[in-house]
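Here are the chains, one letter per residue:
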Amino acid sequence: MSNTALTAMRTRSLDSLDSFCTLLRVGRDCGAIVPDKDEVRKRYRQIDRVNVSDLASDAFMLAGAHHTLAALAVQIPGRSVLLRNAWTQVGDSLGSMVTAHGDRVDADLIVLRDWAEATVAAASGIEQLLITWYRAVDRAGEPLVCGVPADGAAEAVRAGTVSPSLLADDISARVTLFDTAADTTDNGIAEMFHVLGTATDDLAGGAPIAPSDSRSGQLALAGDE
Amino acid sequence: MADGEMRVDIGDVRDTIAFYRGFAAVSGAVATDLATHEFASWGDGADGGLLRERFSAMARRMSENLRTNGSDAETVADNLDRGLSLIETADAQIALFWRMP
């Protein structure tokens, strides 16, 4: 999904959130047990803390860096052979330098690839969670409740068009939907962060096929400065 | 090839020099991109803060690695270039010597 489309979904869900908060008051008036609207908005903000387009931007940057370098690095072994054939007496030190350079580039590319893949997966996963979340908020905030608009609910009850218990049941169901979706989204995002953290733990602390030359190929972070 | 005979395909070596210079430029540019991109600006709170710190450190380290790789590629190109220049200079001097009466 494009960034613009996701932003549009978020904007619409904010309107739906307002509508849902209005419905909470109606539900309370009808005897339903509903949360405070401040509590509902706080839950929304908690989920809204993640800017998935920035995460996607990181993923794009890393994947682009890997793609650009990999397209060149794949030529290095062939270049090395070409050089040895073209200059049969090329010195051992230069030959070793070419080989060591290729090894370091490969090691860094492995780290870059894994880092990019982990970030792409997290961005994609969180985007899917947010899409589902925004749709759930839209459903919870659907302005017609039992066929009447929230603002006209009190009048409809007075006129006997709709029963208070029916309104209460409908709004209670929406509260359940909102709470369940919020829990699922919150837990899902936390899980995505956990997975991303674990993946980068491995990249940061491990030694993914690193050459003996310690200048490159490792991203050991803890206490390595 | 007989002992002591040296054979160099100048064209292939020049191509290799150009490749390593190109690699150095690209690796340096990617290193700069990683160093200047603001990583992990997408989250706050405990989880986001931790990852922000980690991503920044990883980007910094990867940028340094890529810059080193670029610098090494430039050194390979320089060494090859210097070697070719020596051969070409020696060749020119020998040709000059043989023309002398």
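Definitions and cut-offs
- Residues numbered from 1 in each chain as written.
- Chains lettered and ligands numbered in written order.
- Predicted model: local features only at pLDDT ≥ 70, side-chain atom pairs only at ≥ 80, totals over all residues.
- Heavy atoms only, no water.
- Contact = heavy atoms within 4.5 Å.
- Buried area = accessible area lost by both parts, 1.4 Å probe.
- Salt bridge = Lys/Arg side-chain N within 4 Å of Asp/Glu carboxyl O.
- Helix = DSSP H or I, 4+ residues; strand = E, 2+ residues; numbered from the N terminus.
- Buried < 20%, exposed > 50% of the residue type's maximum accessible area, 1.4 Å probe, protein only.
- pLDDT = per-residue confidence, 0-100.

Chemist: Just give me the short version of the interface of chain A and chain B, but keep the residues and values in it.
Modeler: Each partner contributes residues to the interface: chain A has 49 residues there, and chain B has 50 residues. Note on chain A versus chain B: buried area summed over both sides is about 4,500 Å², and carbon and sulfur give 68% of it. A per-residue breakdown of the area chain A buries against chain B is headed by W87, H101 and W115 of chain A, which together make up 15% of the total. For the interface between chain A and chain B, the tally reads two salt bridges. Put simply, D201 of chain A and R54 of chain B hold a salt bridge, and the shortest N to O gap is 2.5 Å.

Chemist: Go over unusual backbone geometry with me, naming the residues and quoting the values.
Modeler: The phi torsion at C146 of chain A lies on the positive side, around 50°, for a residue other than glycine. Relative to the elements of secondary structure, C146 of chain A occurs in the loop between β1 (144-145) and β2 (148-149). With phi around 55°, A40 of chain B is a residue other than glycine that occupies positive phi space. Note that A40 of chain B resides in the loop between α1 (10-36) and α2 (45-99). For A40 of chain B, a relative accessible area of 0% translates into the label buried.

Chemist: Lay out the confidence of the model for chain B in plain terms, naming residues and giving numbers.
Modeler: Predicted coordinates in regions of low pLDDT should not be interpreted in detail. The share of residues in chain B with pLDDT of 70 or more is 87%, and the mean pLDDT across the chain is 86. Our summary of model confidence lists the complex with pTM equal to 0.81 and ipTM equal to 0.85.

Chemist: Describe the side chain of T16 of chain B, naming the residues involved and giving the relevant values.
Modeler: Examined against the element boundaries, T16 of chain B turns out to sit in helix α1. Residue class for T16 of chain B comes out buried when judged on its relative accessible area of 0%. If we ignore the near neighbours within four places in the chain, the residues touching T16 of chain B are R79, L82 and L83 of chain A together with L80 of chain B.

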